[in-house]
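Below, each chain spelled out in residue letters.
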Amino acid sequence: MFIRKTRTNNKANGEGYFTYRLVRGERIGGKVRQITVLNLGRNFSIKQEDWPVLCRRIEQLLHPQERLLPLECSKPIESAAQRYAGQLVMRAPATESAAAGAAEPAGELWLPTDFQEVDVESLQMMQPRSVGVEHVGLFALTELGLIDTLNDLGVNGVLRASLIGNLIGRMGRPGSERATWNWLQQHSALGELIDVDFMAMSHMSLYRASDVLMKHREVIEARVFSRLQTLFDLEETVTLYDLTNTYFEGEAMGNQKAKHGRSKEKRADCPWVTLGLVLGGSGFVRRSQTFVGNVSETGTLAGMLAGLAAPAGALVIMDAGIGTEANVAWLVEHGYRYLVVRRGGTRQFDETRAVTIETAAEEPRPLQKEISEDGKELCLYCHSPSRQRKEEAMLEQSSRCFEAGLQQIKDGLQKPRCEKRRDKLLERVGRLQQKSLGASQHYTVDLVTDDSGKIVTAITWQKARVDGTMATHPGVYCLRTNELAWGEERLWRTYTMLTELESVFRSLKSELGLRPVYHQKEDRSDGHLFITVLAYQCVQFLRVKLKVAGIKDGWATLRETLSVQRRVTASFRQRDGRTLNVRKATVAEPELMAIYRALGINPAPGGTRKLVA
C-alpha cells in the first residue's frame, strides 16, 4: 500500500485543493491497477517522508500474526495507523448475516455459513469498543424523532453526528464535552453504528453542536414531547414543577447566571445555576429553563407555565417552596387547578374522621379531608408514621440541645467571671432559640434579676407543648387544592407523583452528569444542562418501554448490563498466508438479550464485517 496525493478542483468556484488516498496495487487482467482502499480526506497532516512508515504500520496491523519486530514510529504515526487500519475493517463489506440480523431483530437468527481454514493459534483480538449503550441510545433517539428533527432543522452531517455523540455520551459515560470526545474516540463503537469517524473530529465540534442545540431548543423540546405523547398515548392533565441546581468548577466569570447561593451539597464556595423542569404526569419533561443560581423559587412559576400551552384546567403539583399564596392566586387566575403542600399553618388531625389507605411500601396512611369555610379550597391532612418517627426524633434532639444551653447559662450564674448581665444573657437565649429548629416555642424562659434589674441571679424554664405544632401532631402534613370533586386517596396518590420529579433530579445529577458544570460561558453551560435533559428523555423512554416487559431497573443498573457487550476484531492467518479480519459484536448475555427483546432491536449491533488482507 502507498499514499497518493491528488489535486482536485472545486466545481463551484474552481479553487484547487489536494486530497489524499490510501492505495494498493492489484493485478487485474494482466495489468496492475491502483485501487483506492481508503479516502484520507483533505486534512491529512502526516509528513510525506513518513508516508512509507505509516503504510507499513497499517499493513502490520492488518497482518498482526506476521510481526517479527515491532516497527518503531512516532506517536502521531501510530495513532493514524491504528485509526486507518480500524476503518479498513469497520468499512469492509457487511456479510449476509448482518442483513439477516437487521431483518429479524431480537429473534433467533438464521445465519448463512462461511467456512474458512485458519490457524487457531494465530488468533488475535483487537480494538474492543463498547456498543450496548450506543445501540439502545440510537434506538431511543430514532424513536423520539430527534434525528429526523435535526435533519428538518437543516443541521449538517458533522454537527448532527456531534449532537448524537453528545447525547449518547451523556447516557453512556457522563462527563464534560471534552471527556465525551475522548470516550467517542477511544472507547465507543458509536462511530461504526452511524458511519462517522470520530477520530477525525475536533472536540470543538461537540461544543458547536451544543450551540446549535440551544438555537433550536424550543422546537426540539416541543417535538420530542409531542412524539412521546403519540408513542405512549399520553393524556397530560397533570403538570409537575420544581427546581434544582448545579455548581460550576471555577468562577464562571463569563456567565451572568452563575451566582453564589445556599448549597445543600455544602459547596457554597462555588457559583451555581438553577434548572427548572415542567413534567407531565408520565415523568417526561415538557419544558426546561435555566435561571440564575440564587433565584427565588417562588418567582419562577409564572414564566415557566405562561408559554407552556397546557390544557385548560390542568392540575399543577408543587412543593411548599413554590406554593406561595401569590403563585396559587396566579394559577387560579389563569384557569389552572393546583395541588400543593401548605406553607405553615396549624396542624390538626382527627383519626375518627380519617380514611386509611395503603402506600406502595405497605404502610398505612390515614387521610382526613376538610373543606374551607368559603367552599373554594380543600385541605387534606395526611399522617405518615415514618415521618412521625423522624419528627419526634428531631424534636427530641433539638429540645435536648436547647435545654443543655439553658443549663449552661444557669451553671455560669454560680461561677465568678461568667456572664451575668441581663442584656447579654438575653442575646444568648435568643441564639439558642434561633438554633432550636422551632423547639424553643414549647418553652417559657424567665430571667430573675437583682434590684437593679441589670444582673441576672437565676434562670428558670418550663416546657409546655403548643397545640397544632409538630410537638402535638408529629408526622402530619397538609395538602391544599381547589380540586373539590376528588376523594382522599386520589388526591394523595396524585401528589405522590412529585416524588417522580425528585427521582428525575436524582437521575440527572447522579446518572447523567448534570453536575458539575465545567463551562465558563453562559450559552455553553445552558447547552450542557439541555443535553442532560434530552439524555434523560431518552433514558426515561427506554425505562418506560422496559417496565412494560417487567424490567424495572434504574438507568445505572441498565447501563452496567449494556456495557458488557463489545465490538471486537478477530484476526486469523489463513492457510494461503493471507489474514482474515472479522469484526462483530460479542454475543448478548441473557440479561442483555432480555433488554433487546423487550425493545425489539437486533442483539448483534453493527453486524459482521470481514476483510481479507
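First things first, this report covers the structure right here in the doc.

About the cut-offs
Residues numbered from 1 in each chain as written. Predicted model: local features only at pLDDT ≥ 70, side-chain atom pairs only at ≥ 80, totals over all residues. Heavy atoms only, no water. 1 Å grid on protein atoms, 1.4 Å probe; cavity = no way out; pocket = protein on both sides within 12 Å on 5 of 7 lines; lining within 4 Å. Points joined across faces, edges and corners; volume = space filled by probe spheres on them. Helix = DSSP H or I, 4+ residues; strand = E, 2+ residues; numbered from the N terminus. Nonpolar A, V, L, I, M, F, W, Y, C, P; charged D, E, K, R; others polar. Axes fitted to C-alpha atoms, helices over the stretch in contact; angles between N-to-C directions. Parallel < 35°, antiparallel > 145°, perpendicular 65-115°, else oblique. Contact = heavy atoms within 4.5 Å. Left-handed = near helix turned anticlockwise from the far one by under 90°. Buried < 20%, exposed > 50% of the residue type's maximum accessible area, 1.4 Å probe, protein only. Pairing = 2+ DSSP bridges.

Looking at the layout of surface pockets
- If you add up the space inside the second largest pocket, you get close to 640 Å³.
- Surrounding the second largest pocket, 32 residues form its lining, G86, M90, G191, E192 and V196 being those nearest its centre.
- When residues in the lining of the second largest pocket are grouped by element, the largest group, six residues, is from helix α2 (residues 75-90).
- A class-by-class count of the residues in the lining of the second largest pocket yields twelve nonpolar, twelve polar and eight charged.

Quick word on the packing of helix α9 (residues 204-215) against helix α17 (residues 522-548)
- For the pair α9 and α17, the least separation of the axes is 9 Å and the interaxial angle reads 80 degrees. Taken together, α9 and α17 sit at an angle that is classed as roughly perpendicular. Contact residues: α9 offers Y207, S210, D211, L213 and M214, while α17 offers D523, R524, D526, G527, H528, F530, I531 and L534.
- For the contact of α9 with α17, the per-class residue count stands at six nonpolar, three polar and four charged.

Notes on the packing of helix α4 (residues 132-143) against helix α6 (residues 157-172)
- Contact geometry for α4 and α6: axes closest at 10 Å, N-to-C directions at 125 degrees. Taken together, the axes of α4 and α6 lie oblique to each other. For α4 against α6, the interelement crossing comes out right-handed. In this structure, α4 contributes V133, E134, G137, L138 and L141 to the contact, and α6 contributes I164, L167, I168, M171 and G172.
- Of the residues belonging to the contact of α4 with α6, the class tally is seven nonpolar, two polar and one charged.

A short note on the pairing of strand β6 (residues 272-280)
- Of all nine residues in β6, nine are buried, a share of seventy percent or more.
- Side chains W272, T274, G276, V278 and G280 project from β6 onto one buried face, and the interleaved V273, L275, L277 and L279 project onto a second face that is buried too.
- As paired strands, strand β5 (residues 238-247) and β6 are joined by nine bridges and run antiparallel to one another. Note that in β6 the partner of T244 across the bridge is L275.
- Sheet topology note: the β6/strand β7 (residues 285-292) ladder contains seven bridges and is antiparallel. Across the sheet, the residue bridging to V278 is R287, located in β7.

What to know about the pairing of strand β3 (residues 31-41)
- Pairing analysis gives nine bridges linking strand β2 (residues 16-28) to β3, with the strands arranged antiparallel. From the neighbouring strand, Y20 faces β3, where its bridge partner is G41.
- In this structure, the hairpin formed by β2 and β3 is closed by a connection of two residues, where G29 is found at a positive phi of approximately 60 degrees.

Quick look at empty space enclosed by the protein
- Taken as a whole and assessed by the stated rule, the structure comprises one cavity of 30 Å³ or more.
- Reported here for the largest cavity is a volume of approximately 30 Å³.
- E221, V285, V533, L534 and Q537 are the residues that line the largest cavity.
- For the lining of the largest cavity, the element with the most residues is α17, which contributes three residues.
- For the lining of the largest cavity, the per-class residue count stands at three nonpolar, one polar and one charged.

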